[in-house]
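# Chain and residue survey
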Amino acid sequence: MKPLSRRTLVLGGLAAAGATALPAHSSVITATAAVPYPFQLGIASGEPDPSSVVLWTRLAPVPLNADGHGGMANADVVVDWQVAGDELFTTVVASGSVTATYAAAHSVHVIAGGLNPDSDYFYRFRAQGHLSPVGRTRTTPALGAAGRDLLMAFTSCSHYEEGYFTVYRRMAEDNPGVILHLGDYIYEYGPTAGRTRLHAGTAEITTLAEYRVRYAQYKTDPDLQAAHAVAPWIVVPDDHEVENNRAGNIRENNVPALTAAQWTARQAGAYQAYYENMPLRPAQASNGASIPLFRRIRWGNLATFHMLDTRQYRDDQACGDGWKVCADADLASRSLPGNAQESWLLDGLSQHQGTWDIIGQQVFFARRFNSTGASMDSWDGYRASRARIQQGWVDRGVRNPLVLTGDVHRAWASNLVADYNNPSSAVIGTELVTSSVTSSGDGDGATTIPDVGTNPWLKFYNNRRGYVRTAISPTQVRADFRAVAKVSEHGAAASTVKSFVVQEGQPGLQAV
């Protein structure tokens, strides 16, 4: 994939002069000639397959309006879109119009179809007489074809108040073919004085309007917009998209105090806003207080992405949550993804559709015990569930399981072993844990692996903010752990702290 120039990210109106024109909706343009620029939240793409991709935008000329509608009137708006093979749009290959509605906060989810497999494209929108920035996207290889090697980046946990989104900018500069976001895209908390930046509003968000404003605030960040514009995203939420440490329908606590009806309404509003602001297919639209998000995305026969939802269907954290020794964590009746999703995952793993089976999920997978016990919010709080999945992929002859994880704000890498009570147990998989975009602030750069004496499968640790860049080929996955020294100041450089290789057919990390 050729590098994306800075010009591409700001092309916008310049592209209109010498390129194929978008279809004119004269009534719209005439009526809104003085309307302010509606693409303040940027553009995005996602959910690629061999012939299509989702194109996303949301009209919001005044993003932080308290009603959550971004300054838009209560009226439908026609939005035109184009996909082209070049960034000047001289070879338009798909185009159309879609109606952005007030009820959906004028968000747009276009399925741009009829595209060629394993190909790069450029896209843009026009509404109310204004042209959007230009984004780049790509399709997956055809089913049964390996296609090009894939550069993929993933990260998680972007707390707006705890720093600048430089990590997103550095990810964009790598020109990945796809980006995975593993949750905590927003944080629900109210503003906290003294932090690098402040959330809009005065308290923890609970209503649909407040969630819409929160997404709008995050999406005005130019570094986040750059990361969305450079590649299609595949996303899953964690807990802060609704409320910290939620477990299914169970709250962490009753703060802020909500009735049962208000809690249900909060979940419904949070998931509606999540869908409105992510480049998801309509099949992933929320339905009341739930949203269907576990799904598979095939990347030809190079890889299959099994994207898990580890929040909506889990049993409550054992022994009241927290770090502790807890026998209930071993109960066979408990599941982190829920029994139906466990079965769905194992069924997908049995199909052997790609060289690499990549499990994108939210919480720490390998065993990690310290002197106080283990985190009941992680897979250590659901040990029988983890054992079923690991034994399941062994029984099904899965050659290359690779677990990708977010949530913990530090970078880790682990071998996954068949028996965590046996230090000599066979390595049967690999886990890569990304650090955060900003959550936990600058960090201290520590690299000593905590508690490695009791967890010898842990092979890497770093306490800086960053992301993981992976180069995926039929013979190996190379993982570069990328980090920035500061997020309290804008624009820090990124560097590779450590690299590993996972060879095809040989689960486990090899240091580079």
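Conventions used here
- Residues numbered from 1 in each chain as written.
- Predicted model: local features only at pLDDT ≥ 70, side-chain atom pairs only at ≥ 80, totals over all residues.
- Heavy atoms only, no water.
- Salt bridge = Lys/Arg side-chain N within 4 Å of Asp/Glu carboxyl O.
- Helix = DSSP H or I, 4+ residues; strand = E, 2+ residues; numbered from the N terminus.
- UniProt positions renumbered as here; feature names shortened; annotations may be inferred.
- Domains from an automatic or database assignment.
- Contact = heavy atoms within 4.5 Å.
- Buried area = accessible area lost by both parts, 1.4 Å probe.
- Polar contact = N/O pair within 3.5 Å; in protein donor to acceptor, adjacent residues only side chain to side chain.
- Axes fitted to C-alpha atoms, helices over the stretch in contact; angles between N-to-C directions.
- Parallel < 35°, antiparallel > 145°, perpendicular 65-115°, else oblique.
- Left-handed = near helix turned anticlockwise from the far one by under 90°.
- Nonpolar A, V, L, I, M, F, W, Y, C, P; charged D, E, K, R; others polar.
- Pairing = 2+ DSSP bridges.
- Expected span 1.5 Å × (residues − 1).
- Buried < 20%, exposed > 50% of the residue type's maximum accessible area, 1.4 Å probe, protein only.

## Quick look at the pattern of salt bridges
Within the structure shown, the criterion is met by 26 salt bridges. Of the charged contacts, one joins R148 and D120 as a salt bridge, the two residues approaching to 3.3 Å between their closest N and O atoms. Here the residue R148 occupies a position in the loop between strand 8 (135-138) and strand 9 (150-155), and D120 occupies one in strand 6 (residues 120-127), the gap between them amounting to 28 residues. Sharing partners across several salt bridges, the network here consists of D238, D239, R311, R314 and D377.

## Some points on the UniProt feature "domain: PhoD-like phosphatase metallophosphatase" (unreviewed entry) in the protein
Look at the UniProt record and you will see "domain: PhoD-like phosphatase metallophosphatase" (unreviewed entry) annotated at residues 152-481. Taken end to end, residues 152-481 is 22% helix and 21% strand, and its two terminal C-alpha atoms sit 12 Å from one another.

## Side note on the domain arrangement of the protein
The assigned domain composition of the protein is domain 1 (35-139) and domain 2 (144-511). When each unit is reduced to the centre of its C-alpha atoms, the spacing between domain 1 and domain 2 is 27 Å. On the side of domain 2, 37 residues touch domain 1, which itself brings 38 residues to the contact. Both sides of the domain 1 and domain 2 interface together cover about 2900 Å² of buried area, and 52% of this is carbon and sulfur. Summed over the shared surface of domain 1 and domain 2, the result is four salt bridges. One salt bridge connects R148 with D118, and the closest N-O pair in it is separated by 3.1 Å. Counting across the domain 1 and domain 2 interface gives 19 residue pairs in polar contact (both at pLDDT 80 or more). Mapped onto the side of domain 1 that touches domain 2, the elements with two or more residues apiece are strand 1 (43-46), strand 2 (53-58), strand 5 (107-112), strand 6 and strand 8.

## What to know about the packing of helix 4 (residues 166-173) against helix 6 (residues 222-230)
Between helix 4 and helix 6, whose axes approach to 7 Å, the crossing angle comes to 30°. Judged by the inter-axis angle, helix 4 sits roughly parallel to helix 6. The element helix 4 and its partner helix 6 pack so that their crossing is left-handed. Residues T166, Y168, R169 and A172 of helix 4 touch helix 6, and the partners they reach there are P222, D223, L224, A226, A227 and V230. Counted by class, the contact of helix 4 with helix 6 contains seven nonpolar, one polar and two charged residues.

## Some thoughts on the sheet that holds strand 20 (residues 458-462)
Sheet architecture is open: seven strands sit in the order 12-13-15-17-19-18-20, paired in mixed fashion. Pairing within the sheet leaves two strands with one partner each, and these edge strands are strand 12 (295-299) and strand 20. Each strand axis lies, on average, 20° off the axis of its neighbour in the sheet, ignoring direction. Inspection of the sheet shows strand 13 (residues 303-307) paired to strand 15 (residues 356-360) by five bridges, in the parallel sense. Along strand 15, the bridge assignment pairs T304 with D357.

## Looking at helix 9 (residues 383-395)
The α-helix winds at 3.6 residues per turn, so residues separated by three or four positions along the chain end up facing the same way. Look at helix 9: 18 Å from first C-alpha to last across 13 residues, which is about the 18 Å you get at 1.5 Å a residue. Listed in full, the buried residues belonging to helix 9 are R383, A384, S385, R386, I389, Q390, G392 and W393. Looking at the buried residues of helix 9, the elements they touch are helix 8 (339-349), strand 15, strand 17 (401-405), strand 18 (411-417) and strand 19 (427-433). One or two positions beyond helix 9, positive phi appears at G397, with a value near 65°.

## Some remarks on helix 8
Those residues of helix 8 that fall on the buried side of the exposure criterion are Q341, E342, W344, L345, L346, G348 and L349. In this structure, the buried side of helix 8 is in contact with strand 12, strand 13, strand 15 and helix 9.

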